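Residue-level listing of the chains:
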Amino acid sequence: MNAEALDPVRALAVAYSPATARPGLRALLALDERFARIVREARDPRLGEIKLVWWRDALAGLDEGEPPAEPLLAAAAEELVPELTGAALGAAEPAWRALLTEPPLSDELLALHAEGRGARLFAQGAALCGVAPEAWLRAAGEAWALGEIAGRQGETARRASALAAE
């Protein structure tokens, strides 16, 4: 996996991270982007949920043995496990499933997404960099996740909900 697979903002974050953490951060951010793409492209929320659950289970399976023949899972197995468990990586699934709800999103669902995606992602990234995931870092992750919803979602109601929660 290379930095070109990431969007420019994520690639920049990886470039400014410690060299030893870069492969893991690339894999972690690519997983986050895969979850985002599943939600973004879901025409039917039930099908999106099935895909998210498949990824959660496939990531948890990394703790048990060989990854399936899927390049992103192979990268996660090589670069993230066992430092971060597959189950911990897949634990973001409920946060993404929350976004499959019809807009406007409730404050509870926005908080679930902010904590389950943003705070978790920042804490995992910090662990890869050898940094303790302090409360301010988790709060920054939550704010980032809400900003991502506001910036990426096409539905006006979902964007308004995310901006109001920030």
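Scroll up to find the structure.
Residues numbered from 1 in each chain as written. Predicted model: local features only at pLDDT ≥ 70, side-chain atom pairs only at ≥ 80, totals over all residues. Heavy atoms only, no water.

Here's the deal with helix α4 (residues 71-79)
- Those residues of α4 not exposed but buried are L72, L73, A75 and A76. Down the axis of α4, the buried set is contained in an arc of 160°. They therefore lie on one face. Opposite the buried face of α4, at more than 90 degrees from it, the exposed residues are P71 and E78.
- If you follow the buried residues of α4, they end up packed against α2 (22-41) and α3 (45-61).
- For α4, the side-chain oxygen to backbone nitrogen distance between the N-cap and L72 is 2.6 Å, and the N-cap itself is E70. (Buried < 20%, exposed > 50% of the residue type's maximum accessible area, 1.4 Å probe, protein only. Helix = DSSP H or I, 4+ residues; strand = E, 2+ residues; numbered from the N terminus. Arc of directions from axis to C-beta. Contact = heavy atoms within 4.5 Å. Polar contact = N/O pair within 3.5 Å; in protein donor to acceptor, adjacent residues only side chain to side chain.)

A closer look at the packing of aromatic side chains
- Taken as a whole and judged by the stated rule, the model has 3 aromatic pairs.
- With a centroid separation of 5.3 Å and an interplanar angle of 80°, the aromatic rings of W54 and W55 are classed as edge-to-face.
- A relative accessible area of 43% places W54 in the partly exposed class.
- Geometrically, the ring pair formed by F122 and W144 is tilted, given 5.5 Å between the ring centres and 40° between the ring planes. Here W144 lies in helix α8 (residues 135-152) and F122 lies in helix α7 (residues 107-128), a separation of 22 residues in the sequence.
- Classification of F122 as partly exposed rests on a relative accessible area of 25%. (Phe/Tyr/Trp six-rings, centres within 6.5 Å; stacked < 30°, edge-to-face > 60°.)

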